[in-house]
Every structure is written in C-alpha cells, then in structure tokens.
Amino acid sequence: MKILVTGGAGYIGTHTCVELLNAGHEIVVVDNFSNSKLVALERVREITGKLFEVCETDLKDGKTLGRVFSENQIDAVIHFAGLKAVGESVSLPLRYYQNNVAGTLTLCEVMDKFNVRNLVFSSSATVYGQNNQTPFRENLSLNGTNPYGRSKLMIEDILQDLHSSNPEWSIALLRYFNPVGAHRSGKIGEDPNGIPNNLMPYISQVAVGKLNELQVYGDDYETKDGTGIRDYIHVVDLAVGHLKAIEKVILDNGIEAYNLGTGSGYSVMELTQVFENVSGQKIPYKVVKRRAGDVAESYADVSKAKRELNWQAKKGIVEMCIDTWHWQSKNPNGYKCTEEAGAFKN
Ligand code: NAD
Ligand code: UFG
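Parameters at a glance
Residues numbered from 1 in each chain as written. Chains lettered and ligands numbered in written order. Predicted model: local features only at pLDDT ≥ 70, side-chain atom pairs only at ≥ 80, totals over all residues. Heavy atoms only, no water. Helix = DSSP H or I, 4+ residues; strand = E, 2+ residues; numbered from the N terminus. Buried < 20%, exposed > 50% of the residue type's maximum accessible area, 1.4 Å probe, protein only. Contact = heavy atoms within 4.5 Å. Areas by Shrake-Rupley, 256 points an atom, 1.4 Å probe, with all protein chains shown as cover. Phe/Tyr/Trp six-rings, centres within 6.5 Å; stacked < 30°, edge-to-face > 60°. Lys NZ or Arg CZ within 6 Å of the ring centre and 35° of its normal. Pairing = 2+ DSSP bridges. Axes fitted to C-alpha atoms, helices over the stretch in contact; angles between N-to-C directions. Right-handed = clockwise from strand over helix to strand, strands pointing away. Parallel < 35°, antiparallel > 145°, perpendicular 65-115°, else oblique. Left-handed = near helix turned anticlockwise from the far one by under 90°. Nonpolar A, V, L, I, M, F, W, Y, C, P; charged D, E, K, R; others polar. Salt bridge = Lys/Arg side-chain N within 4 Å of Asp/Glu carboxyl O. Near = heavy atom within 4 Å. Polar contact = N/O pair within 3.5 Å; in protein donor to acceptor, adjacent residues only side chain to side chain.

Our next topic: the overall build of the protein. Within the protein, the regular secondary structure consists of twelve helices and 14 strands. Viewed in the frame of its principal axes, the protein has a C-alpha envelope of about 55 × 50 × 40 Å. A total of 346 residues make up the protein; the buried ones form 55% of that total. Looking at the protein alone, contacts between residues at least 24 apart form 80% of all its contacts between residues at least 6 apart. When the accessible surface of the protein is summed, it comes to about 15,000 Å², and 47% of that surface belongs to carbon and sulfur atoms.

The next thing to look at is the packing of aromatic side chains. Enumeration according to the criterion identifies six aromatic pairs in this entry. By the ring-pair criterion, three or more aromatic residues cluster together here, those being Tyr128, Phe136 and Phe177. Lying over the aromatic face of Phe52, Arg45 brings its terminal NZ or CZ to 5.2 Å of the ring centre. A cation over a ring is seen here: Lys304 above Tyr258, with NZ or CZ 5.0 Å from the ring centre.

A few words now on the sheet that holds strand 14 (residues 297–298). Sheet architecture is open: three strands sit in the order 12-9-14, paired in mixed fashion. Each of the sheet's edge strands pairs with one partner strand only, and the pair in question is strand 12 (266–267) and strand 14. Two elements, strand 9 (residues 229–230) and strand 12, share two bridges in a ladder whose sense is antiparallel. Bridge pairing in strand 12 places Ile229 opposite Ser267.

All right, on to the sheet that holds strand 11 (residues 254–260) then. Reading across the sheet, the seven strands line up as 3-2-1-4-5-6-11 and stay open at both edges, with parallel pairing between neighbours. Bordering the open sheet on either side are strand 3 (53–56) and strand 11, each of which pairs with just one other strand. Recorded for the sheet is a direction-independent mean angle of 20 degrees between the axes of neighbouring strands. Pairing of strand 6 (residues 170–176) with strand 11 involves seven bridges; the strand directions are parallel. Within strand 11, the residue paired with Leu173 across the bridge is Ala257. Relative to the sheet, helix 6 (residues 147–165) contacts strand 5 (118–124), strand 6 and strand 11, its axis offset from that of strand 5 by approximately 155 degrees.

This brings us to the pairing of strand 5. For a regular strand, the rule is simple: side chains alternate between the two faces of the sheet. With seven of its seven residues buried, strand 5 lies for the most part within the structure. Of the two faces of strand 5, the one carrying Asn118, Val120, Ser122 and Ser124 and the one carrying Leu119, Phe121 and Ser123 are both buried. The pairing of strand 5 with strand 6 spans seven bridges and is parallel. Note that in strand 6 the partner of Ser122 across the bridge is Leu174. Running through helix 6, the crossover from strand 5 to the neighbouring parallel element strand 6 is right-handed.

Here we come to the packing of helix 3 (residues 62–71) against helix 5 (residues 93–113). A pair of packed helices is characterised by two quantities: the angle between their axes and the separation of those axes. Running from amino to carboxyl end, helix 3 crosses helix 5 at an angle of 40 degrees, the nearest separation of the two axes being 10 Å. By the angle class used here, helix 3 and helix 5 are oblique. Where helix 3 crosses over helix 5, the handedness of that crossing is right-handed. On the side of helix 3, the interface is formed by Gly62, Leu65, Gly66 and Phe69, while helix 5 contributes Thr106, Leu107, Val110 and Met111. For the contact of helix 3 with helix 5, a count of residues per class yields five nonpolar, three polar and no charged.

Under the definition given, this model contains 19 salt bridges. Taking the shortest distance from any N to any O, the salt bridge between Arg117 and Asp112 comes out at 2.7 Å. Each of Asp112, Arg117 and Glu168 takes part in salt bridges that share partners, so that together they form one network.

This part covers the side chain of Thr106. As for its placement among the helices and strands, Thr106 is situated in helix 5. Sequence-distant contacts of Thr106, defined by excluding residues within four places in its chain, comprise Leu59, Lys60, Gly62 and Leu65.

The next thing to look at is the site of ligand 1. Taken together, 26 residues lie near ligand 1, and Asp31, Asn35, Ser36, Lys84 and Tyr148 sit nearest. The separation between an oxygen atom of ligand 1 and a polar main-chain atom of Ile12 is 2.8 Å. Burial of ligand 1 by the protein chains amounts to 95% of its free accessible area of 820 Å². With three residues, the single largest contributor to the shell around ligand 1 is strand 5. Its residues assigned to classes, the shell around ligand 1 comprises ten nonpolar, twelve polar and four charged.

Okay, the pairing of strand 2 (residues 26–31) next. Counting buried residues along strand 2, five of its six residues qualify, which places the element largely inside the surrounding structure. Across five bridges, strand 1 (residues 2–6) lies against strand 2 in parallel orientation. Considered in strand 2, the bridge of Thr6 is made with Val30. Read from strand 1 through helix 1 (residues 11–22) to strand 2, the crossover connection turns out right-handed. Note: strand 2 against strand 3, four bridges, orientation parallel. Bridged to Val29 within strand 3 is Val54. In this view, the connection linking strand 2 to its parallel neighbour strand 3 by way of helix 2 (residues 38–48) has right-handed handedness.

Shown next as structure tokens:
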C-alpha cells in the first residue's frame, strides 16, 4: 500500500514510518518541519534501508498537497501533523486552531477530491478531560480543557460529520496515552524544542546532565504515592498500532475511536525510580505545587483496540526507560549536532 504520512518527521511519525517501511508499505511524508528536522527522516532511511518521498509543505497549502495526491496513488493517510504543546496552546489559541483544525480541513478536502477516504488520525487521551473515572473507555463523555485538547475534539467531531455525510469515509481516531521511549537503534527518538514540558524527556535530560533537577508537580494527589499516574506507552508499540489501524480502515468503512495505551498506570516517582535504575544516574528532584490542568490519574481501557484492531502493547516500563536512555545518551542534543555535522546524510 502507499500511505501518506503527515507530520512524518516528528516523534511518533518517524517511528511509524519505520514500521510501515519494514512491513513493506510505500510512504510519502508531508511535513513543514515546524517541530522536526529532516535528519530524522534520514535516520528512518538508515534504519530501514528504504527510500521514500518527502514533501516539505504546510498542510494548509492545499495546492501543493493536491500535487502530492496527483503524483502518487495514495491508498490511505496517517495524519500526525499538528501542534501539541498544551501551555503554548493557551497563549496562542488561534495558532493551534489554525494549524490543527484548518490543516485537517484542507487535508480532508484534498483527500475527498482525490477519492482517498481512508484516514488514521492522531487524537489524544486529553479528550477525556478532567472528570472521568479511570480506566478511560472510548465511550465516555469527552471534554476539552485547553485549546490543544479542544482542537483534537473539534477534529474528532468534524471527522464524525464527514463520515455521516459520506459513509465511504473510513476513519480511526487513535487516542494516544503517554508516548515515551525510542527506537532500539538509538537513532530516532523524542527531540523536544527547549525545555521539555513532558515528564520522560525531562527526566532523561536530567540524567544526561542537561537539566539540574526534576520538578515533581504535586505529591498530594489521591494516588498510591501522591504523584500523578499516567499510562506510558512505548512509541514503537504505538507505531505498530497504526499499522493495525490502517489494516482496519482499509477493510471496513466506519469511524471508530481507539485508546492506544498499555492499560497500566505508573506514578511520577515510579517512573523516575525505574529510570534511575536503568540509567545508573541519580535523578535529583524537588516536589513543587500541582501543574494547572493536570489530572491525578489517566490510564486506558485497552480492550477495544485488542478486540477490534488485534493490537496490544508489548513493551513494559523498563524497556521504555532503557530505550529512552539509549537515545538520550547517544544524542544528548537530539538531532542538532548530527544535522550540523551532516553525519547522517546519505
Ligand atoms: P511532533 O511535533 O514530534 O510531530 C508533529 C509533526 O507535524 C512535526 O514534524 C511537525 O513539523 C509537523 N507539523 C505540524 N504542523 C504541521 C503543518 N501544519 N503542516 C505540516 N506539518 C506539520 O509530535 P508527535 O509527538 O510526533 O505527535 C504527533 C501527533 O500525535 C500530534 O498530532 C499530537 O498532537 C498527537 N499526540 C501526541 C502525543 C505525545 O505525547 N507526543 C500525545 C497524544 C497525541
Ligand atoms: N510531571 C512532573 N514534572 C514534569 C513534567 C510532568 O511532575 O516536569 C508530571 C505531571 O504532573 C503528570 C505526569 O508527570 O502527572 C505526566 O506529565 P506529562 O506532561 O508527561 O504528560 P501529560 O499526561 O500531562 O500530557 C501528555 C501530553 C498531552 C496529551 C496527554 C495524553 O503532553 O498533550 O499526555 O496523551 F494530551
């Protein structure tokens, strides 16, 4: 199959490209590199030994996107492209709605024009909002707690409407829990801009000596040790979930949401402890007040993905930390220096 991957140069996109290529699919990557670097795709090429087309464009540029569809016989689209920083979305809501919502509208218009109606969309566990009981099931009521989360909800609604208007649309809404880890080669991984907002990249940057200490956002939650609980999922498991979702959208028409998580929750202190053990590095930390908008716990009911996609996560918390540490210690500055040195150019 030939699959268009929007946002394919990003963290989850690169790992998914590797799995798609290894499974024998052809891919075309569309990315504007607003939050990624070309060298990440060179590494994908290196890992897989396969060539693929890359088109540098913004999703909102329908003309260029149309050219990509007219030059390629696309069977399905995996749509990762989006902005994802919760805090930034609060200060720049229009940028988030413009990029995430308007970008998706353009993509869907172009897909419709070219009669490509198989779509896998990157949604997020953030759509479960703040008042739901864990484990989160797909049929819970949804609510957005910030512009980023609302952009995901809006897109889910738009895609539902699209399917109602034409049942030929076949769509999987994948609600990711907390993606962490890296490819076992250590060649691709998460490379956040500036100081990371998320826990795992923060811990790994403390471990490698780039940051001094972890701030633990609250130890007074009603959880086993008072710190927040999340469902961390290895990015390679997540990538494999996309392969399963593509198979499903190709076979059946319809629109379905699926949680992609492990179904198990770990606290901030537990994750920090496992990371210390696997890296052999001390992670100094200080408990500070809760971060606004955080929930005490978030983990998935994963039974629907198991039942309908025949997918379940295989990698545990130790492997997630080992692979994160491998990537971080091999690439302390992410993709930056290697790109400058051109070490990974073919
Ligand atoms: P990422 O920022 O690493 O990757 C997103 C990619 O999309 C980047 O390469 C970026 O340059 C590109 N992009 C953004 N806007 C674009 C546009 N208008 N046109 C073309 N390219 C554009 O993020 P990621 O962690 O790989 O996340 C991928 C998707 O999964 C996002 O939609 C994100 O909201 C969603 N998601 C991520 C997480 C997470 O914790 N990483 C959790 C839930 C959902
Ligand atoms: N945390 C800290 N210190 C930090 C960062 C995080 O204590 O420096 C804590 C948080 O309070 C939370 C846990 O670590 O309890 C995980 O926080 P993350 O920021 O790593 O992840 P979130 O669950 O808050 O959010 C992430 C993405 C969202 C996405 C959500 C569900 O940032 O975009 O997962 O997929 F919506």
